[in-house]
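Residue-level structure breakdown
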Amino acid sequence: MPPSAKALSLVVGLAGARESFTDNPLCLKNNCVKPIFPGLQDLHELSETKWYCTDMQETRAEMDFCKAAVNYDVGLPQPTSKAEETVPALVRKQDARANQVFLYHLAGLGKEAWDYTDPSESDDDCVKAIWRMACWTHFPRAKAGCSSGNEMEYIRPCQSSCQNYIQSCQVECCDESVQCVFRQKKELTQTTALITTGYAPHDGPSSLCTGGARGLSPGALWLLPLLAALVGQAEALPSARSSGLLALLAFSATTLGGCDPSASTHKVGNWRMEQDYLVKYQFVPPGASSKEAVLNSCSVPALSPLVQCNGHGTCVPWPKTTDTHPQNFCKCESGWADPECRTKRKSQAVAWLLAIFLGPVGADRFYLGLTISAIMKMVLLGSLLVYWITEVLITGSGPVSTKCLKSWAGLIKIGFFFCLAAWYFVDVIRTGSAPVETNGFRTTPDLPRPIFVAVTVFVSLGVGFALASQSIMSQVGERRKNLWLMQQAYSAEKEALDQGVMTRGNRDAAYGAL
């Protein structure tokens, strides 16, 4: 058996042997969607298709969406209709499929695909990673030494390409289910089973897989000198001590990685338990059953515009395309989102009003679906508000005054109060100045900018006037108190003089309160 086949069998066997995943209750999921990787749902179909080698000069001129991502000789699938019998037609078909995978995976992550019509120029590394994975999945590398027109097997994307996506999009499902190389067996009936496999167990660039090299996480750079020093120290030690140090490193790695035999487990990976966004955003033509559902209602011929895009959008060609028959996608009205315009966006105006009037209890973040930060805001700012009101009712002034400037403890107290208050004002400005992100698609821009500016100016003036008035009233009260004390001391002194018994002790007692 060749070494590559042995490696494949070993990796697949290890991935398939895992039947449980560790629970991590302290972990927060991020970009944990189903399918977890762009184009993962197409791997089985693509692997079962016949492929033929082509030359890059034949295909590159016809590429549009994937042109900047594909710089190698590609394989093209066997035509399924007479209209696909030419190389340009097959290239356009695969390019359109990659474009559709890109759009739907962005929607699964809650991103707006129309904001990234040219992903090769995007500043978002996650968007670029999705684009590359979609293109490398549907434009496999041609077999090395294969002449144009010869049959070849489908070459899957490299595991390094998959790892780059995980790193760029910071994918976290809080268990070990996010694996680039895997083999899953799902029993459909007592006699049939569905087996799905992941990506090629090779790092690119390689003739055995499609895609680029593995990127290095910036957060891991500081580990390199430490690891090099430890390995060098282990080599310099006697064999027994060296083995002990390496064993300690291995134990630390598995412990820090969460390999705890006593931890609770679950049988199905977390991302597989999520709702499939391809099912969520599919379109069922009128009069058809769910088995006839398709992706992208704009691709259904002779369909009424009132039915397309759920009646809340229009079919628009994807920009920057040179195709004479470009692929259309739904571009939704401002209040709607997702590939079929079925998701109603949350209101920016409502979020802004909640931030103003109920911001200290986190109502704005609860509304946006940001539950964790909403609870933190409610606890911290809510406690601050209750403490402030209590101080005003008991002492007649706020808990922060000019006296706090005379000690380090007072300065720390002022800094703490300032930071918490800044959180409130930042949220007010953030939600009002532009549509903000939610736990899904961002809010609809239904807050007129002039209203936001006018209210912000008046509120700022009002808050400034209130703070100035409170400061003036505090100073006036302090001066009145001092004047009253002086009057009391003067009256006591005058009374003592009238009685002829004023002494130094009496004088000190009279003016001591001042």
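Residues numbered from 1 in each chain as written. Predicted model: local features only at pLDDT ≥ 70, side-chain atom pairs only at ≥ 80, totals over all residues. Heavy atoms only, no water.

Next up on the list: the state of the cysteines. By definition, a disulfide links the sulfur atoms of two cysteines through a covalent bond. Under the definition given, this model contains ten disulfides. Linked covalently through their sulfurs, Cys27 and Cys174 form a disulfide whose S-S length is 2.1 Å. With the S-S bond torsion at -75°, the cross-link from Cys27 to Cys174 turns out left-handed. Of this pair, Cys27 sits in the loop between β1 (21-22) and α2 (43-47) while Cys174 sits in the loop between α6 (159-168) and β5 (183-187), placing them 147 residues apart in sequence. In this structure Cys174 comes out as buried when scored by relative accessible area, which is 7%. Residue Cys126 pairs covalently with Cys169 via a disulfide, S to S 2.0 Å. Around the S-S axis, the bridge from Cys126 to Cys169 shows a dihedral of about 100° and counts as right-handed. Residue Cys126 is found in helix α5 (residues 125-138), and its partner Cys169 is found in the loop between α6 and β5; the two are separated by 43 residues along the sequence. Residue Cys126 is classed as buried on the basis of its relative accessible area, which comes to 5%. Given the relative accessible area of 3%, Cys169 is considered buried. (Disulfide = S-S within 2.5 Å. Helix = DSSP H or I, 4+ residues; strand = E, 2+ residues; numbered from the N terminus. Buried < 20%, exposed > 50% of the residue type's maximum accessible area, 1.4 Å probe, protein only.)

The next thing to look at is the sheet that holds strand β2 (residues 51-53). Taken in spatial order, the three strands make up an open sheet running β3-β2-β4, and their pairing is antiparallel. Both edges of this open sheet fall to β3 (75-77) and β4 (151-152), since each of them pairs with a single strand only. Two elements, β2 and β4, share two bridges in a ladder whose sense is antiparallel. Along β4, the bridge assignment pairs Trp51 with Met152. In this fold helix α4 (residues 87-108) packs onto β2 and β3, with an angle of close to 90° to the strand it touches most, β3. (Pairing = 2+ DSSP bridges. Contact = heavy atoms within 4.5 Å. Axes fitted to C-alpha atoms, helices over the stretch in contact; angles between N-to-C directions.)

A separate point is the nonpolar core. Of all hydrophobic cores here, the largest spans 59 residues; its most connected members are Phe37, Phe102, Phe139 and Tyr165. Those elements that provide at least two residues to this core are α2, β2, α4, α5, α6 and α9 (277-280). Residues contacting Phe37, with those up to four places away along its chain left out, are His105, Cys162, Tyr165, Ile166, Val178, Gln179, Cys180 and Tyr199. Counting residues in hydrophobic clusters, the runner-up holds 13 residues, among them Ala349, Trp352, Trp423 and Phe452. (Core = buried A, V, L, I, M, F, W, Y, C linked by side-chain atoms within 4.5 Å.)

What follows concerns the side chain of Thr210. Secondary-structure assignment places Thr210 in the loop between β6 (193-197) and α7 (223-236). Classification of Thr210 as buried rests on a relative accessible area of 0%. The contact partners of Thr210, leaving out residues within four places of it in the chain, are Tyr72, Trp136, Phe139, Pro140, Arg141, Ile155, Arg156, Pro157, Cys158 and Ser161.

Moving on to the environment of Asn439. You can see Asn439 is positioned in the loop between α13 (408-433) and α14 (449-499). Note: C-alpha distance between Asn439 and Leu109 (330 residues apart in sequence) is 9.5 Å. Residue contacts for Asn439: discarding those within four places in its chain leaves Lys346, Leu368, Gly369 and Leu370.

The next point concerns the pairing of β6. Strand residues, when the strand is regular, have side chains that alternate between the two faces of the sheet. By the bridge criterion, five bridges tie β5 to β6 in an arrangement that is antiparallel. Bridging across to β6, Arg183 finds its partner in Thr197. The loop that links β5 with its antiparallel partner β6 comprises five residues.

Within the structure shown, the criterion is met by ten aromatic pairs. Between Trp114 and Trp318 the ring centres are 5.2 Å apart and the planes differ by 40°, which places this aromatic pair in the tilted class. Separated by 204 residues along the polypeptide, Trp114 in the loop between α4 and α5 and Trp318 in the loop between β8 (313-317) and β9 (328-332) bring together distant segments of the chain. Residues Tyr424 and Phe425 carry aromatic rings whose centres are separated by 5.1 Å and whose planes lie at 80° to one another, so their mutual orientation is edge-to-face. (Phe/Tyr/Trp six-rings, centres within 6.5 Å; stacked < 30°, edge-to-face > 60°.)

With respect to the helices and strands, Asp115 occurs in the loop between α4 and α5. Residue classification places Asp115 among the partly exposed residues on the basis of a relative accessible area of 41%. A polar atom in the side chain of Asp115 sits 2.8 Å from the side chain of Arg442. (Polar contact = N/O pair within 3.5 Å; in protein donor to acceptor, adjacent residues only side chain to side chain.)

Our focus in this paragraph is the environment of Glu121. With respect to the element layout, Glu121 can be found in the loop between α4 and α5. Residue class for Glu121 comes out exposed when judged on its relative accessible area of 60%. It is 9.9 Å that separates the C-alpha atoms of Glu121 and Ala68, two residues lying 53 residues apart in sequence.

Another aspect to go through is the pattern of salt bridges. Under the definition given, this model contains twelve salt bridges. Here Glu274 ties to Lys29 by a salt bridge, and the two come within 3.3 Å at their closest N and O atoms. One end of the pair, Glu274, is in the loop between β7 (265-266) and α9; the other, Lys29, is in the loop between β1 and α2, and 245 residues separate them in sequence. The partly exposed category is assigned to Lys29, whose relative accessible area is 45%. Its salt-bridge partner being Asp115, residue Arg442 comes within 2.8 Å of it at the nearest N-O pair. In this pair, Arg442 sits in the loop between α13 and α14 while Asp115 sits in the loop between α4 and α5, placing the two residues 327 residues apart along the sequence. When its relative accessible area of 24% is taken as the criterion, Arg442 is described as partly exposed. (Salt bridge = Lys/Arg side-chain N within 4 Å of Asp/Glu carboxyl O.)

Another point: the confidence of the model for the protein. A residue-level look at the protein finds 79% of positions with pLDDT of 70 or above and a mean pLDDT of 83. Here residues 1-18 is a poorly scored stretch, pLDDT under 50, and it has 15 contacts once near neighbours within four places are set aside; other chains count. (pLDDT = per-residue confidence, 0-100.)

Turning next to the side chain of Asn270. Position of Asn270 relative to the elements: it lies in the loop between β7 and α9. The class of Asn270 is buried, set by a relative accessible area of 10%. Polar side-chain contacts of Asn270 include one of 2.6 Å to the backbone oxygen of Cys173. Discounting chain neighbours no more than four positions away, the residues touching Asn270 are Lys29, Cys32, Cys173, Cys174, Asp175 and Ser177.

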